Amino acid sequence: MTFAATANAIAYTGAEPFFVDVLPETGNMDPQALERALSSLASQDKKVAAVIPVDLLGKAADYTALEPIISAYGIPMLCDTAEAVGAYHASRPAGSFGQASVLSFNGNKIMTTSGGGMLLTDDEHFASKVRYLATQARQPVPWYEHTDVGYNYRMSNLLAALGRAQLARLDSMIERRRQFRDRYKAHFADVPGVRVFGAKDDEADNSWLTSILVDSSVAGWTSEDLRLWLVDSGIEARPLWKPMHLQPVFVTAQGEITGVAQHLFETGLTLPSGSVITDAERDRVFTALERFRLSHVARG
Ligand SMILES: *Cc1c(COP(=O)(O)O)cnc(C)c1O
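Just so it is clear, the structure is predicted and the values come from calculations on it, not from any experiment.

A.B. asks: Talk me through the site of the ligand; I want residue IDs and the actual numbers.
C.D. replies: Taken together, 13 residues lie around the ligand, and Thr2, Asp80, Glu83, Ser104 and Lys109 are the ones closest in. Between the ligand and Glu83 there is a distance of 2.5 Å, counted from an oxygen atom to a side-chain nitrogen or oxygen. Residue Ser104 places a side-chain N or O atom 2.6 Å away from an oxygen atom belonging to the ligand. When the ligand is considered free in solution it has 380 Å² of accessible area, and contact with the protein chains removes 79% of it. Partitioning the shell around the ligand into residue classes produces 5 nonpolar, 5 polar and 3 charged.

Structure follows, in structure tokens:
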């Protein structure tokens, strides 16, 4: 359950992704499914280069459960924290788990430099290797000397300056998104069949995106009904990430699949959540939701 970038990064290295299904409460990696996957891969003598948990929609994965499983197999853990800057797990910041984590500062993320991202690690040796590879692998001599194939993966100074200004505003941007989520929670509290996704444990969550899950057998309407209603009001809402094992490009990949990610995709809807959405625009969203409720929910 993630954006394609996580799986693409695996494919770039020539490795094969093996997908592990997620927990219904958070959409983050299911520790028991991971345990089953690692033991079955070990019994087939398959080498696992790394486990990559994703911190979905602003909530850190359950590292308390994942870390011991992964370290028992002696496998490195790399964390995709692209969506979770400012979030916490067990009082530790997201991005501080594993051998390394990556952040994204893409335009849709909570803080942005328009594009680019950051790698976080405590390992100085690893950090300097990454700096070296990200800047075309230049040897420290006066001429251009290369003993490795490098990459042009550095962030420009100008964008980094933008990022520092964004970082200073991170707390207030998170706070604004959290208020938006609180208003959604209040709105949907008495709507039957609707759950605000990942709403437990909110102070540890950066509230990047707020999504709802709709049980249509209780609600009498589907997440797609609401999405189309919002589109009619000129408001964009989208399904959750389409799971990677259902993507045509990764159709041959193996996985430990329980069906939870697919269920989240089929029943979830991500609602407008941005911190730059004005108060008047927010009111417009809630007016549309209220009209939907009157026409679909309050029939009895
Ligand atoms: C946005 C995102 C990425 C990719 O970040 P880019 O900066 O666009 O490369 C990776 N993983 C997840 C989970 C994301 O949401």
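A.B. asks: So, the pattern of salt bridges: which residues are in play, and what are the values?
C.D. replies: Applying the stated criterion across every chain, the model contains 11 salt bridges. The salt bridge involving Asp205 is made with Lys59; its shortest N-O contact spans 3.0 Å. Linking Asp205 in the loop between β7 (194–196) and β8 (210–214) with Lys59 in the loop between α2 (31–43) and α3 (63–72), this pair joins segments that are 146 residues apart in sequence. Residue Asp205 shares its accessibility class with Lys59, and that shared class is buried. Notably, a salt bridge pairs Asp190 with Arg293, separated by 2.9 Å at the nearest N-O pair.

A.B. asks: Please set out the sheet that holds strand β10 (residues 268–271) residue by residue, giving values where relevant.
C.D. replies: Judged by pairing direction, the sheet is antiparallel, and its 3 strands sit side by side in the order β7-β8-β10 without closing on themselves. Each edge of the open sheet carries a strand with a single partner, namely β7 and β10. Strand after strand, the sheet turns through a mean of 25 degrees between neighbouring axes, direction not considered. Pairing between β8 and β10: 4 bridges, direction antiparallel. Residue pairing across strands places Ile212 opposite Leu269, the latter belonging to β10. With respect to the sheet, helix α6 (residues 170–188) is in contact with β7, β8 and β10, its orientation differing from that of β7 by roughly 160 degrees. Along the sheet, helix α9 (residues 260–267) contacts β8 and β10; its crossing angle with β10, the most-contacted strand, is approximately 55 degrees.

A.B. asks: Before we move on, could you go through the packing of helix α8 (residues 223–232) against helix α10 (residues 279–296) and cite the residues and values that matter?
C.D. replies: Closest axis-to-axis distance for the α8/α10 pair is 10 Å, and the angle between their directions is 130 degrees. Accordingly, the angle class assigned to the pair α8 and α10 is oblique. Here α8 runs over α10; the crossing is right-handed. Contacts between α8 and α10 involve Asp225, Leu226, Trp229 and Leu230 from the former and Ala288, Leu289, Arg291, Phe292, Ser295 and His296 from the latter. In terms of residue class, the contact of α8 with α10 is built from 6 nonpolar, 2 polar and 2 charged.

A.B. asks: Tell me about the environment of His245, and please be specific about residues and values.
C.D. replies: Within the fold, His245 resides in the loop between α8 and β9 (254–256). For His245 and Gln262, which are 17 residues apart along the polypeptide, the C-alpha to C-alpha distance reads 9.1 Å. Non-local contacts of His245, meaning those with residues more than four positions away in its chain, are made with Phe19, Ile257 and Ala261.

Basis of the calculations
Residues numbered from 1 in each chain as written. Predicted model: local features only at pLDDT ≥ 70, side-chain atom pairs only at ≥ 80, totals over all residues. Heavy atoms only, no water. Near = heavy atom within 4 Å. Polar contact = N/O pair within 3.5 Å; in protein donor to acceptor, adjacent residues only side chain to side chain. Areas by Shrake-Rupley, 256 points an atom, 1.4 Å probe, with all protein chains shown as cover. Nonpolar A, V, L, I, M, F, W, Y, C, P; charged D, E, K, R; others polar. Salt bridge = Lys/Arg side-chain N within 4 Å of Asp/Glu carboxyl O. Helix = DSSP H or I, 4+ residues; strand = E, 2+ residues; numbered from the N terminus. Buried < 20%, exposed > 50% of the residue type's maximum accessible area, 1.4 Å probe, protein only. Pairing = 2+ DSSP bridges. Axes fitted to C-alpha atoms, helices over the stretch in contact; angles between N-to-C directions. Contact = heavy atoms within 4.5 Å. Parallel < 35°, antiparallel > 145°, perpendicular 65-115°, else oblique. Left-handed = near helix turned anticlockwise from the far one by under 90°.

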